[in-house]
Amino acid sequence: MARIIVVTSGKGGVGKTTTSAAIAMGLAKKGHKTAIIDFDVGLRNLDLIMGCERRVVYDFINVINGEASISQALIRDKNCNLLYILPASQTRDKDALSKEGVGRVLEELSQEFKYIVCDSPAGIEKGANLALYYADDAFVVTNPEISSVRDSDRMLGLLSSKSRRAERNEEPIKEYLLLTRYDPSRVKSGEMLALDDVQEILSLQLLGIVPESKSVLTASNAGIPVILDEKSEAGQAYEDIVARYLGEERPHRFIDGKRGFLKMLFGGRS
């Protein structure tokens, strides 16, 4: 059976789709057959970042509604033959998703794939709730700013109470922290939260820090997951994240900057 990963946050614009694409590509590059699903019905950005927007014929909703088979809708990635993309619909709304339909699709994918990455929309509406409902692992993506961290804290409540695992009284979803768009110079000046600040609020296992990097935008515009840019710090950070998730021990990088917003707020000095 597949391991189902949801990439989630409470706030938009934190890098969920970038992270989903990088994680899925990283897992596939490690030799694991991986599917990635875009749950952001109505917007559909994952196919752009994966560079397959012109190859979309059928989508997630077509499969749920029985209008196409999974094999018809899945798109094999052009950079890795172990990675497949299931795009969202741009012409339907989120009400087209159903718990039963999503469950059927995930069950069928689980027979063939080792990992299924669910790229969740932001917030707590239907698409986000269904993306997390069947999850085994949750990658909580947050930026080092108080509103993003606060919204992520709200998502943790949903992960612990609204999932299938919670309903069945099973082992809870494993939750991991991914801190994106981190800038040590702005941490030192007190303009953004330090890692210690974020961990104090969320109390999550840190899987990795992704530094602010122009390479993320460059890769997105080129339709290539940034993890394939091995020379960029962002690409290296995502490669580290995948390795840690798979059990490899690696030191955390890109953390310099010890003086955080909370210390300044409460009069602390470092």
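Structure's up top.
Everything numeric in this text was worked out from a predicted model, so none of it was measured.

Quick look at the packing of aromatic side chains
Going through the model one piece at a time under the given rule, you end up with 7 aromatic pairs. Ring centres of Phe139 and Tyr245 lie 5.2 Å apart, and the angle between their planes is 80°; this geometry places the pair in the edge-to-face category. Here Phe139, found in strand β6 (residues 137-142), pairs with Tyr245, found in helix α12 (residues 233-245); they are 106 residues apart in sequence, far enough to count as distant. Comparing Phe139 with Tyr245 shows no difference in burial state: the two are buried.

Here's the deal with the nonpolar core
Core analysis: the biggest nonpolar cluster contains 52 residues, and Phe39, Phe60, Leu97, Val102 and Ile116 have the highest contact counts within it. It is helix α7 (residues 146-161) that contributes the most residues to this core, 5 residues altogether. When sequence neighbours within four positions are dropped, the list of residues in contact with Val102 reads Phe39, Phe60, Ile64, Leu97, Leu130 and Tyr134. Formed by 38 residues, the second largest nonpolar core is a distinct cluster that contains Ala21, Leu46, Cys52 and Phe139.

Quick word on unusual backbone geometry
Backbone geometry places Ser203, a non-glycine residue, at a positive phi of 55°. Among the structural elements, Ser203 can be located in the loop between α10 (195-202) and β8 (205-211). According to the relative accessible area criterion, Ser203 is exposed, its value standing at 61%. In this structure, Phe254 is a non-glycine residue whose phi angle is positive, near 65°. One can find Phe254 in the loop between α12 and α13 (261-265). Overall, Phe254 belongs to the buried group, its relative accessible area being 18%.

Rules used throughout
Residues numbered from 1 in each chain as written. Predicted model: local features only at pLDDT ≥ 70, side-chain atom pairs only at ≥ 80, totals over all residues. Heavy atoms only, no water. Phe/Tyr/Trp six-rings, centres within 6.5 Å; stacked < 30°, edge-to-face > 60°. Helix = DSSP H or I, 4+ residues; strand = E, 2+ residues; numbered from the N terminus. Buried < 20%, exposed > 50% of the residue type's maximum accessible area, 1.4 Å probe, protein only. Core = buried A, V, L, I, M, F, W, Y, C linked by side-chain atoms within 4.5 Å. Contact = heavy atoms within 4.5 Å.

So, to be careful, I would describe these as geometric facts and stop short of saying anything about function.
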